[in-house]
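Observations on the model geometry
Residue strings, one per chain:
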Amino acid sequence: MADFERRIAEGAVIVADGATGTEIERRGLHTGLPLWSSHALIERPEAVEEIHRDYVAAGAEILTANTFRTQARTLARAGAGDRARELTHLAVALARRAAGGSDRMIFVAGSMPPLEDCYRPDRVPPDADLEREHREHARHLADAGADLLLIETVNTVREARAALAAAGSTGLPVWVSFVCGPEARLLSGETLDDALAAVARFSPAVVGVNCLPPRHVGACLPLLAAGAAPFGVYANLGEPDDESGFTRSDECDPEDFAAHARIWRRSGARIVGGCCGTGPDHIRALADDRAAVREG
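What you see is a predicted model; the values in this text were computed from it and never measured. (Residues numbered from 1 in each chain as written. Predicted model: local features only at pLDDT ≥ 70, side-chain atom pairs only at ≥ 80, totals over all residues. Heavy atoms only, no water.)

1. So, the nonpolar core
Convention followed: Buried Ala, Val, Leu, Ile, Met, Phe, Trp, Tyr and Cys residues that are joined via side-chain atoms within 4.5 Å together make up what is termed a nonpolar core. Type-normalised accessible area, obtained with a 1.4 Å probe on protein chains alone, sets the label of each residue: buried when under 20%, exposed when over 50%, and partly exposed for intermediate values. Residue contacts follow a heavy-atom distance rule, with two residues in contact if any of their heavy atoms lie within 4.5 Å.
Counting residues in hydrophobic clusters, the biggest one holds 74 residues, and the most contacted among them are Ile151, Phe178, Leu192, Leu224 and Trp264. Apart from residues no more than four positions distant in its own chain, Phe178 is found in contact with Val154, Thr156, Ala160, Leu186, Leu192, Ala195, Leu196, Val199, Gly208, Val209 and Asn210. Membership of the second largest hydrophobic core comes to 21 residues, among which are Trp175, Ala205, Ile271 and Cys275.

This is the structure we're talking about:
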């Protein structure tokens, strides 16, 4: 059993990190599409490592490597398609260095997002492309030394299946997380219940939802709690943006975000964290709240 799966089996709630892309933008670095968070890998990799270190200091136990846009498909749009392996390895190394500075066990997750737009299920590529490109990205992440693979912000069952098959070929633990709108439906219109049933045959270590506002999480919780797999939740704060990738919102401060996460934990969530728009202060609030509950 891998260390990550053993940690999940212990039953404790694990605090994941918060956003990387919007945190890069918050710190004044360029995040224009299509490269988005990958600009920083090319221009300021030390800033990415600093963000990871800040999340470790805040109490995160999972760092998500900045590989959300290091697939060859995205990089090719900026004339850098041949740098997919190089930049994926760099991103994992930056997270690994930050994790190594802690006396706690910190897991490095390799991000495997949709190949196209997270919020446009109509743009999902043909099956053959999904299978080939997700397998390449998964292999890069595994070779780079990721502890687990995080298939995140998936908006169709079809791409979830392809990504899970690719991730499973590496032998690493896999966490698959869907982006949902109101009423626990994927952005494709498919129900979360059907999505969870469809991925069950791949035996993911963790399932979950992410990059949805806290107000939409509640409808997902009963379905996630009824499943056989442990589940995680990491919500966003803000809205997608066609130019910058995402517009942050301050409508939910760290303490309010922690209050939402408390509900997720009470419903059985085994991993809680933040997605786009959240930062180290939100994760610190989650970690402090979890500690207060344990001590109480």
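2. What to know about the pattern of salt bridges
Basically, it comes down to this: Salt bridges are defined by distance alone: a side-chain nitrogen of Lys or Arg within 4 Å of a carboxyl oxygen of Asp or Glu. A run of H or I in DSSP counts as a helix once it spans at least four residues, and a run of E counts as a strand once it spans at least two, with each numbered from the N terminus.
Overall, the coordinates contain 26 salt bridges when judged by the stated rule. Between Arg73 and Asp129 there is a salt bridge; the shortest N-O distance is 3.7 Å. Here Asp129 lies in helix H7 (residues 127–144) and Arg73 lies in helix H5 (residues 72–76), a separation of 56 residues in the sequence. We note a salt bridge from Arg123 to Asp117, for which the minimum N-O separation is 3.7 Å. A relative accessible area of 40% places Arg123 in the partly exposed class.

3. Regarding the sheet that holds strand E2 (residues 62–65)
Defined as follows: By this definition, two strands are paired if DSSP reports at least two bridges between them. Interaxial angles span 0 to 180 degrees and are taken between N-to-C directions of axes, which are lines fitted to C-alpha atoms, for helices over the stretch in contact.
Taken in spatial order, the eight strands line up as E1-E10-E7-E6-E5-E4-E3-E2 in an open sheet, and their pairing is parallel. Strands at the two margins of the open sheet, each flanked by one partner only, are strand E1 (14–15) and E2. Note that strand E7 (residues 231–235) and strand E10 (residues 271–274) share four bridges and pair parallel. In the sheet register, Gly232 faces E10, and the bridge partner there is Ile271. Across the sheet, helix H8 (residues 157–168) touches strand E3 (107–112), strand E4 (148–154) and strand E5 (174–178), and the angle it forms with E4 is around 170°. Where helix H9 (residues 192–199) meets the sheet, its contacts fall on E5 and strand E6 (206–210), and the angle it forms with E5 comes to roughly 160°.

4. Remarks on the pairing of E10
Here E10 shows two buried faces, one formed by Ile271 and Gly273 and the other by Val272 and Gly274. Strand direction decides the pairing type here: E1 and E10, joined by two bridges, are parallel. The residue bridging Ile14 from the neighbouring strand is Ile271, located in E10.

That is the geometry; function is a separate question.
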